[in-house]
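So the chains spell out like this:
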Amino acid sequence: MSLLENQRNADEISNIYQELEEMLMANIINHCKNYKQPIQSDEWNMQKLAELGKLNSENIKIIAKQTGIAKSIIESMLFEMAGNVLGRLEPSFRALVRQGLTEDAVNIDKSKNIKKAMKVLYKQANDIINVCNTTMLYKARDAYTNLISNIVSTEKEYLKTLSKHATSVIIGTESRVQAVRKCIKEFNERGIPAFVDKRGREWTPEAYVNMSVRSTYGRVANDMQMARADDYQIDLVEVDSHSGARPKCAKDQGQIFDRANKSKKYRHWNTSSYGEPDGLLGINCRHHIYPYIEGVSIQRYFPVEKEENDKLYQATQKQRALERSVRKQKRECMLYDKIGDKEAFEDASVKLKSKEAQLRNYVSNNKGLHRRKDREQVVGFDKRISAKAIASKKYVDKYGSVKYNEDGTVKITDDWKNRGHVSIPKEYRKNAIIEVTEKKGDNVQINRTFYNEDGKMYRQIHSGPHGNFKLHPYGKNGEHAHDYEWENGKITNRTTRNLTEKERKESSDIL
Ligand SMILES: [Zn+2]
Ligand SMILES: [Zn+2]
């Protein structure tokens, strides 16, 4: 099995665990939905902690469901791989028997050695699943309590700075909205780890499952081969060699070992680094061992890795990294959508579109790569959210900032000149500029209304004097500006003045 095949086979399982992570996170967010309630943060904190038991039992159900799927896939995959290896090896063992070079053996389906080896593989697969399940269950619990306490402490901090400037009930909920937004971002960054190693490093479900399942799958061929060699009573094995082998492997590669540990001629298997995580056939080891009989060449199961294959493998690893970042960003969108934060969802959508573009470019610029949409999917990021994300991106492209034409005139976001008579909204979209025509008798003028970052109108540019130059003795043709002042959500003052140089330039096309 090549690195690429191994990777593809492991994908299915790591995908199930990424889904599990997404489901647990969505469930955690479900329990934070009432954050807009106007209750004291300490009380909210207590309320949320009281839900911990319920959250936990829901999480157990979610984990059990995904585990069932993962287990059956991993076991049938191991069974299929083992069958493949045995089927290919058997003819060469039979040939050795025919030549009288070795004893005959029982059929594969009667082999105790094969049964034992399969048992070991199944157990290893089960161990991986169990580690993930236990870790993810308590890490999900931790993530929830951390999220709640982070929200509460962030909210209190915001309140402290805000209350210096104003006093209002709005401030209470507003600061929690801000706190939730900030804390969900951090929550998404961290995710739910599936494994904590000896150094205390947390592994994402994707990384841990990928590494450990690949290492289990990687064992299948060697284990089957050795079990069958035991059946045929062949004790000698040969280790292949490749450049760039790690230190422990380097000492063992290219050599012949006696697995019975009796030979006077060959090194004993128990002197090799086999069995150590960073040793021969350990984690990420790319060595293989083959049955060896003096003076006979035996069919080898393992294909030699070609260099181009290696290059493609490297490219797919890079693609994978980009897919992970797309998936994580989608997850952020999904979480903000779930909690009902439109503004944060918009920002997250814009980032998503640029990450998707990066991935698209990488795949189209690398021969042999294909988009794998299934690996970019996020549970709960359905068509509805996807369409919303695209719409948000368009919205932000338009209203994200004020834009200018090449000649320095400002770009109008909303041209309402053909709409007939319209009333100008006091509050509209952020950074919007609405343009309308105003007719009074013979006088036709163009009016532009500018909105600030909060979507509140703050200025108007009028190209004429509203048909009355005496009342509007400004500029050359009566062109003037109005400024609006806001307080507590209401316009409290409106003034009229001459245009500044900058404003003349911005609107030179209508003056
Ligand atoms: Zn190795
Ligand atoms: Zn005016």
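Computed from a predicted model, the values in this text were never measured in an experiment.

J.: Please set out the overall build of the protein chain residue by residue, giving values where relevant.
T.: When helices and strands are tallied, the protein chain shows 12 helices and 12 strands. What you see for the protein chain is a C-alpha radius of gyration of 34 Å, clearly larger than the 24 Å of a compact globule of 511 residues, by over 25%. Its C-alpha atoms give the protein chain principal-axis dimensions of about 120 × 55 × 35 Å.

J.: Mind laying out the domain arrangement of the protein chain, listing which residues take part and the relevant values?
T.: Split by domain assignment, the protein chain resolves into domain 1 (1–234), domain 2 (235–292), domain 3 (307–399) and domain 4 (414–510). Averaged C-alpha coordinates put domain 2 and domain 3 at centres separated by 43 Å.

J.: Could you give an account of the packing of helix α1 (residues 3–30) against helix α6 (residues 205–231), naming the residues involved and the relevant values?
T.: Running from amino to carboxyl end, α1 crosses α6 at an angle of 145°, the nearest separation of the two axes being 8 Å. Where α1 crosses over α6, the handedness of that crossing is right-handed. Here N6, Q7, N9, A10, I13, S14, Y17, Q18, L20 and E21 of α1 come into contact with α6, specifically with P205, E206, V209, N210, V213, R214, Y217 and G218. For the contact of α1 with α6, the class distribution of residues is eight nonpolar, seven polar and three charged.

J.: Mind laying out the pairing of strand β12 (residues 490–497), listing which residues take part and the relevant values?
T.: Residues in a regular strand point their side chains to alternate faces of the sheet. Of all eight residues making up β12, only zero are buried, and the element is barely covered by its neighbours. Where strand β11 (residues 480–487) meets β12, seven bridges bridge the pair, whose relative direction is antiparallel. Across the sheet, H482 pairs through a bridge with T496, a residue of β12. Between β11 and β12, which pair antiparallel and follow one another directly, the connecting turn spans two residues, one of which, N488, has a positive phi of 50°.

J.: Tell me about the sheet that holds strand β10 (residues 457–462), residues and numbers included.
T.: Across the sheet, which stays open at both edges, the six strands sit in the order β7-β8-β9-β10-β11-β12 with mixed pairing between neighbours. Here the strands that pair on one side only, and so sit at the sheet edges, are β7 (414–415) and β12. Both strand β8 (residues 433–440) and strand β9 (residues 443–451) contribute to a ladder of eight bridges, which runs antiparallel. Residue V436 lies in a different strand from β9, and its bridge partner there is N447.

J.: With reference to specific residues and values, describe helix α11 (residues 383–399).
T.: Owing to its 3.6 residues per turn, the α-helix aligns residues three or four sequence positions apart on the same side. When the terminal C-alpha atoms of α11 are compared, their 24 Å separation across 17 residues agrees well with the 24 Å that a helix rising 1.5 Å per residue should span. Among the residues of α11, I385, A389, S392 and Y399 are the ones counted as buried. Considered in projection along α11, the buried side chains sweep an arc of 110° and stay on one side of the axis. Opposite the buried face of α11, by more than 90 degrees, sit the exposed residues K383, A387, A391 and D397.

J.: Any details on the sheet that holds strand β5 (residues 267–268)? Residues and values, ideally.
T.: One open sheet accounts for four strands, arranged β5-β4-β3-β6; its pairing is mixed. The sheet is open, and its two edges are formed by β5 and β6 (289–291), each paired on a single side. Across three bridges, strand β3 (residues 236–239) lies against strand β4 (residues 256–258) in antiparallel orientation. Each bridged residue has a counterpart across the sheet, and for V237 the counterpart in β4 is F257.

J.: Please set out the packing of helix α3 (residues 52–98) against α6 residue by residue, giving values where relevant.
T.: The geometry of α3 relative to α6 is characterised by a closest axis approach of 9 Å and an angle of 35° between their N-to-C directions. The crossing of α3 and α6 is right-handed. Counting all contacts with α3, which are made through I74, L78, M81, A82, V85, L86, L89 and F93, the residues of α6 involved are V213, Y217, V220, A221, M224, Q225 and R228. Classifying every residue of the contact of α3 with α6 gives 13 nonpolar, one polar and one charged.

J.: Requested: an account of the pairing of β11, with residues and values cited.
T.: Across four bridges, β10 lies against β11 in antiparallel orientation. Among the inter-strand pairings, I461 is bridged to a residue of β11, identified as A481.

J.: Residues and numbers for the environment of L121, please.
T.: In this fold, L121 is placed in helix α4 (residues 112–163). A residue is classified by how many C-beta atoms lie within 10 Å of it, and L121, with 22 of them, is buried. For the pair formed by L121 and K160, sequence separation is 39 residues and the distance between their alpha carbons is 57 Å. Leaving out residues up to four positions away in the same chain, L121 has contacts with L78, T216, R219, V220 and D223.

Quick notes on the rules
Residues numbered from 1 in each chain as written. Chains lettered and ligands numbered in written order. Predicted model: local features only at pLDDT ≥ 70, side-chain atom pairs only at ≥ 80, totals over all residues. Helix = DSSP H or I, 4+ residues; strand = E, 2+ residues; numbered from the N terminus. Rg over C-alpha atoms; globule rule 2.2 N^0.38 Å. Domains from an automatic or database assignment. Axes fitted to C-alpha atoms, helices over the stretch in contact; angles between N-to-C directions. Left-handed = near helix turned anticlockwise from the far one by under 90°. Contact = placed C-beta atoms within 7 Å. Nonpolar A, V, L, I, M, F, W, Y, C, P; charged D, E, K, R; others polar. Buried ≥ 20, exposed ≤ 12 C-beta atoms within 10 Å, placed from the backbone. Pairing = 2+ DSSP bridges. Expected span 1.5 Å × (residues − 1). Arc of directions from axis to C-beta.

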